[in-house]
Amino acid sequence: MTARSSMDIAVVGNGVLGLSIAAEIARRAPKLNIAVIGPPGRNLSASMAAGAMLNCFGEATKYTHQHPAAEAKFAIARQALDEWPAWLDRLCDDVGHDATALRASRTGGTFVLLSGRSGQLAQENFQAMRAALIKYDEPHEQVDPQDIEGLDPSPSARPSHAVHLPREGAIDARAVVTALEAAACRHGVHILPATVQALLAGADTVTGVRFTDGSTLRADTVILAAGSASSALADTVLPPGETPPMLHGNGLSLLTRRTVPHRAREVLRTPIRAGSCGLHLVPLAREDWEYIGANNMVTLHPAHGPGVGDGHAFLRQICEHLDQKIASSQVTQWLHGARPMSLDCFPLIGESSLRGLHFATGTYRDGFHCSPVIARQVADTVLNQATTNPDFDWFTPKRLPIQTMTVEQAIAEFASHEVDAAYEYGLTLPFWLDSETVAQHSRQRARRVHEELDELVALPPDNLMALQGLTASEGLADLRLYLHAARTYHQKPTQATAV
Ligand SMILES: Cc1cc2nc3c(=O)[nH]c(=O)nc-3n(C[C@H](O)[C@H](O)[C@H](O)COP(=O)(O)OP(=O)(O)OC[C@H]3O[C@@H](n4cnc5c(N)ncnc54)[C@H](O)[C@@H]3O)c2cc1C
């Protein structure tokens, strides 16, 4: 094994988080040697498939105000809403004359639409958004859906309500990632086109990384921002059970070009849907070009691509709910990324038991939006600068899965997600059956998963969707092992182990 070299800080992962963190640290501490490591193709990167809606209130759900951890996550999203304008200005300053295209890629304003075909859950999420808008005095306006430019749903899916959020929009994710890489380089960050195979550690500190070609890089600080691949890397040095494992929230999205001129000027989206994200249409800077997203197919292991059935349903729904004319648009690029979803669906941000190993992942649906705040927080911690953001305390990677409900509530919630999703996918029942038939079946499957896991841990509905069809050999056994290890690990005082 050869030693490549050494760095003060190695950032593993070249998505929006890895690059934002590296750029932020390099701006503040120009003397540090920093490397961002990742494959140039950024395979499975969530950032490269993202909308990227800079939405906070548009992402609110009925769960947002039901637990302090969810409130803390929402507080981070609100901070990001305030910070994006200045963050974007700084990024534009960093990239100098290339900034015009980046600025032009920003879309201002979002319409959140409650479609006539939305399920119960989307309705509850819409109500939760409205309550949050009032609670936090966020500017918004109730609008007549007929007045929204570019909205042309099928007759059965006409929105019953629409709210305009002037401060929430979107930005071209791919343009931001390119700009962040340029900004990081301009501040002296080394971009290493490589894949990390394992992290390296001494008795109680991280010491660097090993690449897939066997060479190594020494670093006293390693920031793990490898998206949904982060758990597999953490497992190479951390004791079993220390951090909740990561699942893969596979999302399909598309870049398209209109053939029929009829175009939204602002983001059109639905509220968060059962076990998924909102359907969204984002106009891009180039005339007639759009981004459409997205669905969410959760898997325990990395997927080779989005599911055909999920993709089929998503394309039908986006035309039905937002604009029928999308059907005649031309696909210029299919995008697939894996949202980094921890087992409890909350982020993993902070230092691990291994001194110098910091996590920056688990952002699930809104990591692009939250990236400026997460970058500041991780930079504060790594540079030992006073941190005053208690909202992050919840998300230390050294934790048991955060429990926001009881097992019985989790089973009931999962059943309601399944019923909603079934209707959204086109379920119709004869008059002598009602949705209770679906709910009962879903409750049985959710109960079986909880029983097989052999630990009283309530699983969030989004993740249960991935687990409910699995047998022990397909992954439940691994999860059971993790839960046993987590219980044992967190019963004793947290300590680092030599690996
Ligand atoms: C379809 C879709 C739509 C989305 N829409 C939005 C949205 O509108 N708004 C929003 O805020 N968020 C959105 N998200 C979520 C958002 O994209 C993520 O939360 C965020 O991008 C995560 O960024 P990241 O840098 O942590 O991970 P990633 O972007 O996944 O980056 C991780 C990087 O690490 C690299 N890597 C993996 N393994 C290794 C290794 N062993 N060695 C080195 N490098 C490695 C990967 O190749 C990748 O480039 C969406 C996600 C998807 C999939």
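None of the values given here were measured: they were computed from a predicted structure.

Here we look at the site of the ligand
Working step 1: Every one of the 39 residues lining the ligand counts as a neighbour, but Asn 14, Ser 47, Met 53, Thr 363 and His 369 are closest to it.
Working step 2: One of the side-chain nitrogen or oxygen atoms of Ser 47 is found 2.5 Å away from an oxygen atom of the ligand.
Working step 3: Here an oxygen atom of the ligand and a backbone polar atom of His 369 are 2.7 Å apart.
Working step 4: Listing elements by their share of the shell around the ligand, those giving two or more residues are α1 (16-28), β2 (34-38), α2 (46-49), β17 (330-342) and α9 (367-382).
Working step 5: A class-by-class count of the residues in the shell around the ligand yields 20 nonpolar, 15 polar and four charged.
Working step 6: Counting contributing residues per domain, the shell around the ligand is built from domain 1 (3-48 + 174-246 + 344-395) and domain 2 (107-171 + 247-342), each supplying no fewer than three.

Observations regarding unusual backbone geometry
Residues other than glycine predominantly adopt negative phi, and peptide bonds predominantly adopt the trans conformation.
Working step 1: Going from Gly 51 to Ala 52, the amide bond is cis rather than trans, its omega being -25 degrees.
Working step 2: Position of Ala 52 relative to the elements: it lies in the loop between α2 and β3 (53-54).
Working step 3: With an omega of -15 degrees, the peptide bond between Gly 293 and Ala 294 qualifies as cis.
Working step 4: Of note, Ala 294 is situated in the loop between β15 (289-293) and β16 (297-299).
Working step 5: Not every positive phi belongs to a glycine, and Asp 137 is a case in point at roughly 55 degrees.

Observations regarding the nonpolar core
Working step 1: Grouped together as the largest cluster of nonpolar side chains are 69 residues, with contacts concentrated most on Ile 25, Phe 57, Met 129, Ile 223 and Phe 368.
Working step 2: Residue contributions to this core peak at 14 residues, all from helix α3 (residues 68-95).
Working step 3: If we ignore the near neighbours within four places in the chain, the residues touching Phe 368 are Val 16, Ser 47, Ala 50, Ala 52, Trp 84, Ile 171, Ala 173, Val 176 and Val 177.
Working step 4: Leu 300, Leu 453, Tyr 482 and Ala 486 belong to the second-largest nonpolar core, a separate cluster that totals 31 residues.

With respect to the domain arrangement of the chain
A common way to state how big an interface is: give the accessible area lost once the parts meet.
Working step 1: Taken domain by domain, the chain consists of domain 1 (3-48 + 174-246 + 344-395), domain 2 (107-171 + 247-342) and domain 3 (407-491).
Working step 2: Once you take the C-alpha centre of each, domain 1 and domain 3 turn out to be 32 Å apart.
Working step 3: Each side of the interface is counted separately: domain 1 has 12 residues, and domain 3 has nine residues.
Working step 4: A combined buried area of about 730 Å² lies between domain 1 and domain 3, and 62% of that area is made up of carbon and sulfur atoms.

Describing the packing of aromatic side chains
Working step 1: Overall, the coordinates contain five aromatic pairs when judged by the stated rule.
Working step 2: Judged by centre distance (5.3 Å) and plane angle (90 degrees), the rings of Phe 57 and Phe 74 are edge-to-face. Within this pair, whereas Phe 57 is found in the loop between β3 and α3, its partner Phe 74 is found in helix α3, the two being separated by 17 residues in sequence.
Working step 3: A relative accessible area of 5% means that Phe 74 is categorised as buried.
Working step 4: Each ring, one from Phe 346 and one from Phe 395, has its centre 5.8 Å from the other, and the planes form 20 degrees; the classification is stacked. On the criterion of sequence distance, the pair formed by Phe 346 in the loop between β17 and β18 (348-351) and Phe 395 in the loop between α9 and α10 (407-424) is long-range, its members being 49 residues apart.
Working step 5: Relative accessible area serves as the criterion here: at 8%, Phe 346 is assigned to the buried category.

Some remarks on a nonpolar patch on the surface
Working step 1: Taken together, the side chains of Tyr 423, Leu 429, Phe 431, Trp 432 and Leu 433 present a nonpolar region at the surface, about 580 Å² in accessible area.
Working step 2: As for its placement among the helices and strands, Leu 429 is situated in the loop between α10 and α11 (436-453).

So, the side chain of Asp 366
Working step 1: With respect to the element layout, Asp 366 can be found in the loop between β19 (357-361) and α9.
Working step 2: Leave out the neighbours within four places in its chain, and Asp 366 touches Glu 59, Lys 73 and Ala 77.

Some words on the pairing of strand β9 (residues 196-201)
Working step 1: Note that β9 and strand β10 (residues 206-211) share five bridges and pair antiparallel. Among the inter-strand pairings, Leu 199 is bridged to a residue of β10, identified as Val 209.
Working step 2: Between the end of β9 and the start of β10, which pair antiparallel, lie four residues.

Considerations on the pattern of salt bridges
Once their charged atoms are close, side chains differing in charge can pair, the charge on each being opposite to the other.
Working step 1: Enumeration according to the criterion identifies 30 salt bridges in this entry.
Working step 2: Across the pair Lys 135 and Glu 71 runs a salt bridge whose closest N-O atoms are separated by 3.9 Å. Taken together, the residues span a long stretch of sequence, with Lys 135 in helix α5 (residues 120-135) and Glu 71 in helix α3 at a distance of 64 residues.
Working step 3: By relative accessible area, Glu 71 is classed as partly exposed at 23%.
Working step 4: Salt bridges sharing partners connect three or more residues here, namely Glu 24, Arg 27, Arg 28, Arg 90, Asp 94 and Asp 380.

Here's the deal with α11
For an α-helix, 3.6 residues make a turn, and residues three or four places apart therefore share a direction.
Working step 1: For α11, spanning 18 residues, the distance from its first C-alpha to its last is 26 Å, which sits close to the expected 26 Å at 1.5 Å a residue.
Working step 2: Buried within α11 we find Val 438, Ala 439, Ser 442, Ala 446, Val 449, His 450 and Leu 453. For α11, the buried positions fall inside an angular range of 100 degrees around the axis, keeping them on one side. Along α11, the residues that are exposed and aim more than 90 degrees away from the buried face are Gln 444 and Glu 451.
Working step 3: Residues of α11 that are buried in the fold lie against α10, α12 (461-467) and α13 (476-491).
Working step 4: Where α11 ends, the next residue or the one after it, Asp 454, has phi of about 65 degrees, a positive value.

What counts and how
Residues numbered from 1 in each chain as written. Predicted model: local features only at pLDDT ≥ 70, side-chain atom pairs only at ≥ 80, totals over all residues. Heavy atoms only, no water. Near = heavy atom within 4 Å. Polar contact = N/O pair within 3.5 Å; in protein donor to acceptor, adjacent residues only side chain to side chain. Helix = DSSP H or I, 4+ residues; strand = E, 2+ residues; numbered from the N terminus. Nonpolar A, V, L, I, M, F, W, Y, C, P; charged D, E, K, R; others polar. Domains from an automatic or database assignment. Core = buried A, V, L, I, M, F, W, Y, C linked by side-chain atoms within 4.5 Å. Buried < 20%, exposed > 50% of the residue type's maximum accessible area, 1.4 Å probe, protein only. Contact = heavy atoms within 4.5 Å. Buried area = accessible area lost by both parts, 1.4 Å probe. Phe/Tyr/Trp six-rings, centres within 6.5 Å; stacked < 30°, edge-to-face > 60°. Patch = residues over 30% accessible without salt bridge, like charges linked within 9 Å, V, L, I, M, F, W, Y side chains within 5 Å. Areas by Shrake-Rupley, 256 points an atom, 1.4 Å probe, with all protein chains shown as cover. Salt bridge = Lys/Arg side-chain N within 4 Å of Asp/Glu carboxyl O. Pairing = 2+ DSSP bridges. Expected span 1.5 Å × (residues − 1). Arc of directions from axis to C-beta.

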